[in-house]
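# Residue-level structure breakdown
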Amino acid sequence: MNSRRIEVPVRIYHEDTDAGGVVYHANYLRYMERARTDWLHERGLDHDRVASEYGVLFVVRSVEIKFQRPARLGDNLLAVAELAGVRHGLMLFRQSVVRGTQSLVRAQVMVACVTVKDFTAAVIPPALAHFLGVEG
């Protein structure tokens, strides 16, 4: 695993599926959120600390998602998040949910940095960018 990528195990339970045992499409967004949250946690941060120490929040600005194959009850998956780029106050993550070697869902998630005070766009503070390893 490199410093820009994380893989988070996800097991599919009955609560994740519809009556046919197929994962409900919106749940893939939850799995990808877990991966991005763990990506942040791996760097010694959580959303509360980023807000209190740096005065900013990270919010999803946009998602482009492609559903390729269904996941089913009992599957063991990996939710993957990889930082693909940083520009000003934006971070682009390439994300996927995979079962073994099969890609089930692929997405590009744009995450914006905003101020805690009024949710206006903000540049990632330099100290935080350094801590996250996202300078430049």
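This text gives an overview of the structure that appears in the document. (Residues numbered from 1 in each chain as written. Predicted model: local features only at pLDDT ≥ 70, side-chain atom pairs only at ≥ 80, totals over all residues. Heavy atoms only, no water.)

## A few points about the overall build of the protein
For the protein, the count of helices and strands is three helices and five strands. Reading the protein from its N terminus to its C terminus gives the helix and strand order β-α-α-β-β-β-β-α. In terms of overall size, the protein behaves like a compact globule, its C-alpha atoms giving a radius of gyration of 16 Å where 136 residues would be expected to give roughly 14 Å. Seen along its three principal axes, the alpha-carbon backbone of the protein occupies a region of about 45 × 30 × 25 Å. Every one of the 136 residues in the protein was classed for burial, and the buried ones make up 38%. Considering only contacts in the protein between residues 6 or more positions apart, those separated by 24 or more positions represent 68%. Counting only carbon and sulfur atoms, one obtains 53% of the accessible surface of the protein, whose full area is about 7700 Å². Within the protein, the 15 negative side-chain charges are centred at a point lying 7 Å from the centre of the 17 positive side-chain charges. (Helix = DSSP H or I, 4+ residues; strand = E, 2+ residues; numbered from the N terminus. Rg over C-alpha atoms; globule rule 2.2 N^0.38 Å. Buried < 20%, exposed > 50% of the residue type's maximum accessible area, 1.4 Å probe, protein only. Contact = heavy atoms within 4.5 Å. Areas by Shrake-Rupley, 256 points an atom, 1.4 Å probe, with all protein chains shown as cover. Lys, Arg positive; Asp, Glu negative; His and termini not counted. Charge placed at Lys NZ, Arg CZ, Asp CG, Glu CD.)

## Focus on the packing of aromatic side chains
The description of an aromatic ring pair uses the distance of the two centres, along with the angle that the planes make with each other. Inspection of the entire model under this criterion finds three aromatic pairs. Between Trp-39 and Phe-93, the aromatic rings sit 5.1 Å apart at their centres with planes inclined by 85 degrees, giving edge-to-face as the arrangement. Highlighted residues: Trp-39 in helix H1 (residues 27-41) and Phe-93 in strand S4 (residues 90-99), separated in sequence by 54 residues. Relative accessible area serves as the criterion here: at 1%, Trp-39 is assigned to the buried category. Taken together, the aromatic side chains of Tyr-28, Tyr-31 and Phe-67 make up a single cluster linked through ring pairs. (Phe/Tyr/Trp six-rings, centres within 6.5 Å; stacked < 30°, edge-to-face > 60°.)

## What to know about unusual backbone geometry
With phi around 55 degrees, His-88 is a residue other than glycine that occupies positive phi space. For Phe-119, which is not a glycine, the phi torsion comes out positive at approximately 60 degrees. The exposed category is assigned to Phe-119, whose relative accessible area is 52%.

## Looking at the layout of surface pockets
For the largest pocket, the calculated volume is near 210 Å³. Lining the largest pocket we find Arg-5, Glu-64, Ile-65, Lys-66, Val-80, Glu-82, Arg-94, Gln-95, Ser-96, Arg-106, Ala-107 and Gln-108. Broken down by secondary-structure element, the contributors of at least two residues to the lining of the largest pocket are strand S2 (56-67), strand S3 (76-87), S4 and strand S5 (102-115). Split by residue class, the lining of the largest pocket holds three nonpolar, three polar and six charged. (1 Å grid on protein atoms, 1.4 Å probe; cavity = no way out; pocket = protein on both sides within 12 Å on 5 of 7 lines; lining within 4 Å. Points joined across faces, edges and corners; volume = space filled by probe spheres on them. Nonpolar A, V, L, I, M, F, W, Y, C, P; charged D, E, K, R; others polar.)

## Thoughts on the nonpolar core
Residues Trp-39, Phe-58 and Met-91 are the most contacted members of the largest nonpolar core, which totals 35 residues. Looking at this core, the elements that each hand over two or more residues are strand S1 (5-11), H1, S2, S3, S4, S5 and helix H3 (126-132). If sequence neighbours within four positions are ignored, Phe-58 has contacts with Leu-40, Val-50, Met-91, Val-111, Ala-112, Cys-113, Ile-124, Leu-128 and Leu-132. (Core = buried A, V, L, I, M, F, W, Y, C linked by side-chain atoms within 4.5 Å.)

## Quick word on the side chain of Arg-36
With respect to the element layout, Arg-36 can be found in helix H1. For Arg-36, a relative accessible area of 11% puts it in the buried group. Among the polar contacts made by the side chain of Arg-36, one reaches the side chain of Glu-33 at a distance of 2.4 Å. Setting aside its immediate chain neighbours within four residues, Arg-36 contacts Val-60, Ala-81, Phe-93, Gln-95, Val-109 and Val-111. (Polar contact = N/O pair within 3.5 Å; in protein donor to acceptor, adjacent residues only side chain to side chain.)

Without other data, these values stay purely geometric and don't point to any function.
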